[in-house]
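# A closer look at the structure
Okay, here's what each chain looks like letter by letter:
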Amino acid sequence: MNWGKTVTGLSAAMLVCMPAAMAEVAPGDVKIEDLKVAAAITDQAGNPEEGAKAFKDTKGGNCLACHANKAMPKDLFQGNVGPALDGVAGRYEPALLRAILVNSKAVFGPQTVMPGFYTLDVGKNVREESVGKTVLTAQQVEDIVAYLGTLKE
Amino acid sequence: MVTDGETWWNKVDGKEGKSCASCHNDAATTMKGVGARYPKWDEASKKPINIELQINKCRTEQMGAEPFEFDKGGQIGLTAYIKHQSLGMPMGIDLKAGEMQKWWDMGKETYYTRFGQLNLSCANCHEDLMGKMIRADHLSQGQTNGFPTYRLKDGNNSIHNRFRGCIRDTRAAQPKAFSDELMALEVYVAWRGTGLSVETPSVRQ
């Protein structure tokens, strides 16, 4: 019998059906303090599997463009602009990873090349369809933070 | 690209019944060095002029022909053919002519300004990180000495098309080809290549 799974499945389906009820912190309201964003920016816990998808998606985080990741050996041509993320969970705690993802410039300083993925502090002349929008959603940020948490050496 | 340009060089077009060759004869002699010196100051328009716009000026003022639209007709081929006549010559534009220095300043400002949702300047990738890999792309020094160039993924490419492509990739609004902003950038980037040999037509990834 699979009652347990069915019930879990139903609960998950209900959650998916109620995105409006989900709370998330707006980009301008995320507080980066001591190089950290201490609390999650959505009330739905990050999903590492979704995070892995957003990590490699060229229209999502596209993290692989700049960061190598040995946990994704099937994805060829990983970039070397930023540091490799192998074992990053052992070096950086989630609150720091979240802050880097949200707005790396608040952590590394204004010179860093890394874009901010959940900030409206962006460059000049943003194309029309991206004005007022962030690269990732709050949930994708949490999902990627959760995925990075799995990268242990 | 270059042989296509040679065909256009000898092709009669427009009301005056002229080709490029009617006035300029053998490009190997008359166009030698041109590709290394452009963009240059154009006194008539009080702006810098590049090879593409000089071709259009000849077409409208001397040949009585329609100007080429951006990247259309013989624009890329003729530009490549003309620049190829300077193959191996060192790049060196004249910033003392007219107000070229002012345009160089404008171009430099653009080069170091961060654009778009991804918040990137030209310098971020092509100065600070040249040689690194961004996914399968090798970040170049962003030099213009090999343009127009053959890009493996999409064929013949003009300088302004590549400028626009790079700016698009920062998720910024794209300036028009030959706009003041991109002409200034061409002046500045050509200057950054001072001393490099003209390589047109080069091949890029």
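Residues numbered from 1 in each chain as written. Chains lettered and ligands numbered in written order. Predicted model: local features only at pLDDT ≥ 70, side-chain atom pairs only at ≥ 80, totals over all residues. Heavy atoms only, no water.

## Quick look at the interface of chain B and chain A
Short version of the rule: We call two residues in contact whenever any of their non-hydrogen atoms come within 4.5 Å of each other. Summed over both partners, the accessible surface that disappears when two parts come together, traced with a 1.4 Å probe, is what is meant by buried area. Here, a salt bridge means any side-chain nitrogen of Lys or Arg that lies within 4 Å of a carboxyl oxygen of Asp or Glu. Identification of polar contacts relies on pairs of N or O atoms within 3.5 Å, with a donor-acceptor requirement for protein atoms, meaning one able to donate a hydrogen and the other able to accept it, and with residues adjacent in sequence counted only if both atoms are side-chain atoms.
Between chain B and chain A, the contact holds 19 residues from the first and 29 residues from the second. With both chains or domains summed, chain B and chain A bury close to 2,100 Å², and 52% of this area falls on carbon and sulfur atoms. Ranking the residues of chain B by area buried against chain A places Gln-117, Arg-135 and Arg-171 of chain B at the top, with a combined share of 38%. One can count zero salt bridges joining chain B with chain A. For the pair chain B and chain A, the number of links is 16 residue pairs in polar contact (both at pLDDT 80 or more).

## Looking at the packing of aromatic side chains
Residue and element names in this part refer to chain B. Spelled out, the test is: Pairing of aromatic rings covers Phe, Tyr and Trp, the last counted by its six-membered ring, and requires centre-to-centre distances within 6.5 Å; plane angles under 30 degrees mean stacked, over 60 mean edge-to-face, and any other angle means tilted. Where helices and strands are cited, they refer to DSSP runs of H or I of at least four residues and of E of at least two residues respectively, numbered from the N terminus. Classification of residues uses two cut-offs on accessible area relative to the type maximum, computed with a 1.4 Å probe and protein chains only: under 20% is buried, over 50% is exposed, and between them is partly exposed. Criterion for a charge above a ring: Arg CZ or Lys NZ at most 6 Å from the ring centre, at most 35 degrees from the ring normal.
Using the criterion set out here, one finds nine aromatic pairs over all chains in the structure. Taking 5.0 Å as the distance between ring centres and 90° as the angle between the ring planes, the aromatic pair formed by Trp-104 and Trp-191 counts as edge-to-face. Of the two residues, Trp-104 is situated in helix α7 (residues 100–111) and Trp-191 in helix α10 (residues 180–192); the sequence distance between them amounts to 87 residues. According to the relative accessible area criterion, Trp-104 is buried, its value standing at 12%. Through successive ring pairs, a cluster of aromatic residues spans Trp-104, Tyr-111, Tyr-112, Tyr-188 and Trp-191. Lys-11 extends its terminal NZ or CZ atom over the ring of Trp-8, reaching a point 3.9 Å from the ring centre. Geometry around Phe-68 places Arg-59 over its ring, the cationic atom sitting 4.0 Å from the centre.

## Digging into the pattern of salt bridges
Residue and element names in this part refer to chain B. This structure, assessed with the given rule, holds 15 salt bridges over all chains. One salt bridge in this structure joins Arg-192 and Glu-127, with 2.9 Å as the shortest N-O distance. Of this pair, Arg-192 sits in helix α10 while Glu-127 is found in helix α8 (residues 122–128), placing the two residues 65 residues apart along the sequence.

## Describing the packing of helix α2 (residues 48–56) of chain A against helix α6 (residues 138–148) of chain A
Residue and element names in this part refer to chain A. The cut-off we apply is this: Structural elements are reduced to axes, namely lines fitted to C-alpha atoms, with helices fitted over the stretch in contact, and the angle between N-to-C directions of any two is expressed from 0 to 180 degrees. Any angle that is under 35 degrees is reported as roughly parallel, and any over 145 degrees as roughly antiparallel; angles of 65 to 115 degrees are reported as roughly perpendicular and all others as oblique. Classification used: nonpolar for Ala, Val, Leu, Ile, Met, Phe, Trp, Tyr, Cys and Pro, charged for Asp, Glu, Lys and Arg, polar for all others including Gly.
Where α2 meets α6, the axes come as close as 7 Å, and the angle between the chain directions of the two elements is 100°. Judged on the interaxial angle alone, α6 and α2 are roughly perpendicular. The residues of α6 that touch α2, namely those facing Pro-48, Glu-50, Gly-51, Ala-52, Ala-54 and Phe-55, are Gln-140, Asp-143, Ile-144, Ala-146, Tyr-147 and Leu-148. When the residues that make up the contact of α2 with α6 are grouped by side-chain class, the tally is eight nonpolar, two polar and two charged.

## A closer look at the domain arrangement of chain B
Residue and element names in this part refer to chain B. For clarity, the cut-off: Domain limits in this description derive from either an automatic procedure or a database domain assignment.
What the domain assignment reports for chain B is domain 1 (2–84) and domain 2 (100–204). On a C-alpha basis, the centres of domain 1 and domain 2 stand 22 Å from each other. Every contact between the two is made by 22 residues of domain 1 and, on the other side, 22 residues of domain 2. Taking both partners together, domain 1 and domain 2 bury about 1,700 Å²; carbon and sulfur atoms supply 72% of that area. Residue Asp-180 is joined to Lys-47 by a salt bridge in which the shortest nitrogen-to-oxygen separation is 3.0 Å. Applying the counting criterion to the domain 1 and domain 2 interface returns six residue pairs in polar contact (both at pLDDT 80 or more). When residues of the side of domain 1 that touches domain 2 are traced back to their parent elements, those giving at least two are α4 (34–37), β1 (40–42), β2 (47–49), α5 (51–63) and α6 (75–84). The biggest single contributor to the side of domain 1 that touches domain 2 is α6, with six residues. Looking at side-chain class alone, the side of domain 1 that touches domain 2 contains eleven nonpolar, five polar and six charged residues.

## Quick notes on helix α1 (residues 2–9) of chain B
All names here are of chain B. Operational definition: This arc corresponds to the set of directions leading from the helix axis out to the C-beta atoms.
Of all the positions in α1, only Val-2, Gly-5, Trp-8 and Trp-9 are classed as buried. Down the axis of α1, the buried side of the element spans an arc of 110°, and every buried residue falls inside it. Residues of α1 that are exposed and point more than 90 degrees away from the buried face comprise Thr-3 and Thr-7. Of the surrounding secondary structure, the elements contacted by the buried residues of α1 are α2 (20–24), α3 (27–30), α5 and α6.

## Quick notes on the nonpolar core
The test is simple: Buried Ala, Val, Leu, Ile, Met, Phe, Trp, Tyr and Cys residues form a nonpolar core when they are joined through side-chain atoms within 4.5 Å.
Among the nonpolar cores identified, the biggest contains 32 residues, and Ile-41, Phe-55, Leu-101, Tyr-118, Val-141, Ile-144 and Leu-148 of chain A are the most heavily contacted of them. Of all the secondary-structure elements, those providing two or more residues to this core are α2, α4 (94–103) and α6 of chain A. Among all residues touching Val-141 of chain A, those that are not within four sequence positions of it are Ile-41, Arg-98, Leu-101, Val-102, Tyr-118 and Leu-136 of chain A. In this structure, Met-91, Ile-93, Tyr-111 and Leu-185 of chain B belong to the second largest nonpolar core, which totals 27 residues.

## Describing the packing of α1 of chain B against α6 of chain B
To characterise two packed helices, one gives the angle between the axes of the helices and the distance between these axes. Residues and elements named next belong to chain B. As a packed pair, α1 and α6 sit with axes 7 Å apart at the nearest point and diverge in direction by 100°. Overall, the two elements α1 and α6 adopt an arrangement that is roughly perpendicular. In this structure, α1 uses Val-2, Asp-4, Gly-5, Glu-6, Trp-8 and Trp-9 to contact α6, whose residues at the interface are Gly-77, Leu-78, Ala-80, Tyr-81, Ile-82 and His-84. Partitioned by chemical class, the residues of the contact of α1 with α6 number seven nonpolar, three polar and two charged.

## Points about the state of the cysteines
Selection rule: Put simply, a disulfide is two cysteine sulfurs that come within 2.5 Å.
Using the criterion set out here, one finds zero disulfides over all chains in the structure. Lacking any disulfide linkage, Cys-66 of chain A is separated from the closest cysteine sulfur, that of Cys-125 of chain B, by 7.6 Å. In this structure Cys-122 of chain B is not part of a disulfide, and its nearest cysteine sulfur, from Cys-166 of chain B, lies 7.0 Å away.

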